[in-house]
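Architecture and fold: a report
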Amino acid sequence: MRILHTADWHLGKHLEGFSRMDEQESFLEDFIEIVQREEVDMVIIAGDIYDTSNPPARAEKMFYDTLKKISAHGERLILVIAGNHDNPERLIAAGPLARDHGIIMLGTPKTVAQTGSYGEHKVIASSEGMIEVEINGEKVVILTIAYPSEKRLNEVLYKELTTDEEKLATYAERIQALFTELENYFREDTINVVVSHLFAMGSEEEGSERNIQLGGSYIIDGRYFPQKAQYIALGHIHKPQIVPGTQKRARYAGSPIHYNKKERHFQKKCFIVDLEPGQEALIHEVPLKVYKPIEVWQCDSIEEAIALCEENSTKECWTYLEIKTQRFIRENEIKTMKNYKKDIIEIMPILLCDEKPRNEITNMADKSFEDIFREFYKNERETEPDEELVNMLLELVKEDMYEAAEAEG
């Protein structure tokens, strides 16, 4: 049986106020083609379908249109679990209608899928955190833990716990206990898979990915996953990667699009997994396109930045500008850059400061207001004030002095 593993679509997401839905729509069109080309039997979407719990209508339409097309009128089974960005109740509301198209939607670790036909396939057994499906005559047991927040995890486990000590066990220990309990559903004659949306890191760093530190309470060790699982499909981390300590069985598919400038350095992908009972999974990667790259332009001057914006005005990319300068960038200069390049995300001035010690302002009685302000500004900002700013300030001071004189007169 062939599975496609993807996650973290974040439909409806913005980048500093700029919508990414055009790129997402392009990805979904290519995704449909990948599913069809690879002749996939089941698609797993491991959470964070949307970017917010109240997604825009266009995002929902994109999602359901995509599911309908990849399901091929129920010929292909689709499993969707909720992530931390999703509203579980809203996600599964369309479950009864989706069922006819072979789509299973699970909102929380407590969600129990109804048994029966799903398109051309069947859910032959189910309970909290487990479904057994029959796809083209092959039986698959899937442990399904939608985003297990501490509250949701407590709802699943506390009914079994009696003492305060048990209830005070760490999040990671409770996840391990849940997996240990659910692993009993795996059999030798079935394909055995885990699907979840959580942080899972080992004791070693994975490439450039550092271990995520969240106070220790929301991270589980890769060794906690069921040893009998042939493949573990995860969502939550946007960099595609293998979870250390799992013999390459546990993987994050990552997000399909570079959602911030930190993600631009790694290849986006999804995983195709070939499985049969009792055998090691055969996994290959499918690289995804970059529809609109995120670029960081490092400029040695304001003039160079303006010239770059003009030269690349028609280039399709999200742009961060880092500009070396000895003064603050004027409003009209920022406006010029943005007029040339419509999709500038951020303009970051990098002030070039000399290493001279800050001078103290002395003999204030002998200095004019303008001289005092210029000296103060240079000490605070380590650069000369813009003449426009000085003139504006002097005009305001003159107006105040005139109004004071009028009041006294």
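Right, let's walk through the structure included here.

When helices and strands are tallied, the protein chain shows eleven helices and 21 strands. The proportion of buried residues among the 409 residues of the protein chain is 48%. Considering only contacts in the protein chain between residues 6 or more positions apart, those separated by 24 or more positions represent 64%. When the accessible surface of the protein chain is totalled, it reaches about 20,900 Å², and 47% of it is carbon and sulfur.

Let us look at the packing of helix H8 (residues 302-311) against helix H9 (residues 331-340). Axis separation between H8 and H9 bottoms out at 8 Å; the angle between their running directions is 20 degrees. With respect to H9, the element H8 is oriented roughly parallel. When you trace H8 past H9, the crossing you get is left-handed. On H9, the residues touching Ile302, Ala305, Ile306, Cys309 and Glu310 of H8 are Glu333, Thr336, Met337 and Tyr340. Across the contact of H8 with H9, the residue classes break down as six nonpolar, one polar and two charged.

Pairing in this open sheet of three strands is parallel, and the strands run S19-S20-S21 from one edge to the other. Two strands close off the open sheet at either side, each with one partner strand: strand S19 (294-299) and strand S21 (344-351). Adjacent strand axes in the sheet meet at a mean angle of 15 degrees, parallel and antiparallel pairs treated alike. In this fold H8 packs onto S19, strand S20 (318-325) and S21, with an angle of close to 145 degrees to the strand it touches most, S19. Most of the contacts of H9 go to S21, to which it runs at about 140 degrees, and overall it touches S20 and S21.

This paragraph deals with the pairing of strand S11 (residues 191-197). The element S11 is largely enclosed, with a buried count of seven among its seven residues. Alternating positions in S11 separate into two faces, Ile191, Val193, Val195 and His197 on one and Asn192, Val194 and Ser196 on the other, with burial throughout. Summarising the sheet, strand S10 (residues 138-145) and S11 pair through six bridges and their orientation is parallel. Residue pairing in the sheet places Ile142 in a bridge with Val193 of S11. The sheet contact formed by S11 and strand S14 (residues 231-235) spans five bridges and is parallel. Residue pairing in the sheet places Ser196 in a bridge with Leu234 of S14.

Attention now moves to the sheet that holds strand S18 (residues 282-287). Pairing within the open sheet is mixed, and its six strands lie in the order S6-S5-S4-S1-S17-S18. Edge positions in the sheet fall to strand S6 (103-106) and S18, since each of these pairs with one other strand and no more. Strand-to-strand twist in this sheet, taken as the mean axis angle between neighbours without regard to direction, amounts to 20 degrees. Relative to strand S4 (residues 42-46), strand S1 (residues 2-6) runs parallel, the two being bridged by four bridges. Bridge pairing in S4 links Ile3 to Met42. Its contacts with the sheet place helix H1 (residues 21-37) against S1, S4, strand S17 (269-274) and S18, and it is angled at close to 160 degrees to S1.

Here is what the cut-offs are and how they apply
- Residues numbered from 1 in each chain as written.
- Predicted model: local features only at pLDDT ≥ 70, side-chain atom pairs only at ≥ 80, totals over all residues.
- Heavy atoms only, no water.
- Helix = DSSP H or I, 4+ residues; strand = E, 2+ residues; numbered from the N terminus.
- Buried < 20%, exposed > 50% of the residue type's maximum accessible area, 1.4 Å probe, protein only.
- Contact = heavy atoms within 4.5 Å.
- Areas by Shrake-Rupley, 256 points an atom, 1.4 Å probe, with all protein chains shown as cover.
- Axes fitted to C-alpha atoms, helices over the stretch in contact; angles between N-to-C directions.
- Parallel < 35°, antiparallel > 145°, perpendicular 65-115°, else oblique.
- Left-handed = near helix turned anticlockwise from the far one by under 90°.
- Nonpolar A, V, L, I, M, F, W, Y, C, P; charged D, E, K, R; others polar.
- Pairing = 2+ DSSP bridges.

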